[in-house]
Amino acid sequence: MQNKSIWCDYYDDITYDSLNTDLDLDIAIIGGGITGLSVGYFLLNSYYKVGLFEKEKIGSGTTSKTTGKITYMQENILSKIKKTRNISTAKKYYDSQKYAIDLLINIINKNEIKCDILKTNGYFFTTNKKDIKKIKEEEKLLLDFNEKIRRVNKLPDGLKIYYGISGENSYQFNPIKYVNKLKTLIDSKIEIYENSKVTTIEHDKEKFILTINNKRVTAKYLVVASHYPFFLFPYLMPLKCSLEKSFIGCYLDKSKLNFNAISTKNPLLSLRYVEGNKKRYKLILTNSCNLNFCQNDLNNFQVLLNYKPKYLWSNIDIITKDYMPYIGEIEKNMFIATGYNTWGMANSTLAGKIISDLILKHDNEFATLFSPKRVNFKTIIKYPLYMITNAYAYLNSKIIKKNNIIYKNIEGVNVAIYKDEEGIKHIVKNKCPHLGCSLLFNEVEKTWDCPCHASRFDIDGHVLMGPSNYDISFK
């Protein structure tokens, strides 16, 4: 078994330099996943000087951990949007997803990108009688929006269900193969830097001043496409969204089936099929849960471990209060793209189009819908609840101790020590540099994880994922 995403097998050998000099740009893009690359792609014909900065390898963040589905059948998200907003907003969101899918497929076809793109049927189903109503509500909305939907009582693999619906024109692909090509389409006109970590952002009246690898980068426009924005105030991101952790496995499969499906929660089950290197796999995602209450990784992985996966990994998704992404200008000339609610493949491409249109002063019919400045009084009343859950995660992180971890105070520093199978000790500072939550050791993936805001560090304390920008290595 490999403790990594199956997509990690597909990175190419192309590398980019890390930043080692000061730069003066028109546009700086932070983040080298599909969102950041898509912004760059849609800016190719502009006259702006653009730089893109990725703290590790291009595509190594959330893009590499996705299931690679491209679909408008996104659980019961339309029903949720109708309840938190209204039916016209739900229809607008549906239209945006259909548009985004067409946009992504057009990029693939126009540039002949070989990324295992495959059109499939999509399924939304339940194995719980109590959730039949959720399926029916989503079914009605999709039919009202003139989508061709049919009812089913089992999945193509034979799984019997209480109620399900199926729709056409969903897709799936290999996200890293797509990224490999997308970066080469833009790197002749856009400066790409890997292993280039942003540590500070300042803003004067005319430009942004970034510190990257201890170098100074200035830009008139700033695009933050780094999954979870690491700045907190005055934007209050922890109160505007929650974090959801999911657990994913890939298993050898001899069938010739090709479809994608997702169930209602309790427990959530998401699946698709993957054509690997001369092998075929069934990809299963399950046990999605709010990160604040999802602090036993071994238990959550166990159902996947029972069936001997060939690949095993986890992923963090950002869930917004009204179930729509934050895409657009958050302050003058600063743009963010985050909160894809587990549906990042279409939305990351859409984000690239919206943000590039805003910078280029082009009209975009979905810019207002996803504006990070939008206000929804139905969700504002939830802010106190999320303050409590964040506080719970912080306090609980101070209490939970893992049996196979040694906790000590060395030279006035609280540390955690993990001894691996070879007897080597891995010592880290047991506090996340972001907001001070104590860290939990992920026994399956061998990482130190923050249960509050999802910062992640490797076994020796090097930061893998923000919002923390700093390592926790001890000496």
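What comes next is a walk through the structure. (Residues numbered from 1 in each chain as written. Predicted model: local features only at pLDDT ≥ 70, side-chain atom pairs only at ≥ 80, totals over all residues. Heavy atoms only, no water.)

It is worth spelling out the sheet that holds strand 20 (residues 425-429) at this point. Overall, antiparallel pairing links the 3 strands, which are arranged 18-19-20 in an open sheet. In this open sheet, the two edge strands, each paired with only one partner strand, are strand 18 (405-410) and strand 20. Along the sheet, successive strands turn relative to each other by an average axial angle of 30°, direction set aside. Where strand 18 lies against strand 19 (residues 413-419), 6 bridges are found, and the strand directions are antiparallel. Bridging across to strand 19, isoleucine 405 finds its partner in tyrosine 418. (Pairing = 2+ DSSP bridges. Helix = DSSP H or I, 4+ residues; strand = E, 2+ residues; numbered from the N terminus. Axes fitted to C-alpha atoms, helices over the stretch in contact; angles between N-to-C directions.)

This part covers the packing of helix 3 (residues 87-110) against helix 8 (residues 344-359). Two elements in contact, helix 3 and helix 8, have axes separated by 8 Å at closest approach and are oriented at 85°. By the angle between their directions, the pair helix 3 and helix 8 is classed as roughly perpendicular. On helix 8, the residues that touch Tyr93, Ser96, Gln97, Tyr99, Ala100, Ile101, Leu103, Leu104 and Ile107 of helix 3 are Met345, Ala346, Asn347, Thr349, Leu350 and Lys353. Looking at the contact of helix 3 with helix 8, its residues break down into 10 nonpolar, 4 polar and 1 charged. (Parallel < 35°, antiparallel > 145°, perpendicular 65-115°, else oblique. Contact = heavy atoms within 4.5 Å. Nonpolar A, V, L, I, M, F, W, Y, C, P; charged D, E, K, R; others polar.)

With that settled, the discussion passes to the side chain of threonine 71. Along the chain, threonine 71 turns up in the loop between strand 3 (69-70) and helix 2 (77-84). Accessibility expressed as a relative area gives 2% for threonine 71, which makes it buried. A polar side-chain atom of threonine 71 sits 2.7 Å from a polar atom in the side chain of serine 170. Leaving out residues up to four positions away in the same chain, threonine 71 has contacts with Ile101, Ser170, Asn260 and Trp343. (Buried < 20%, exposed > 50% of the residue type's maximum accessible area, 1.4 Å probe, protein only. Polar contact = N/O pair within 3.5 Å; in protein donor to acceptor, adjacent residues only side chain to side chain.)

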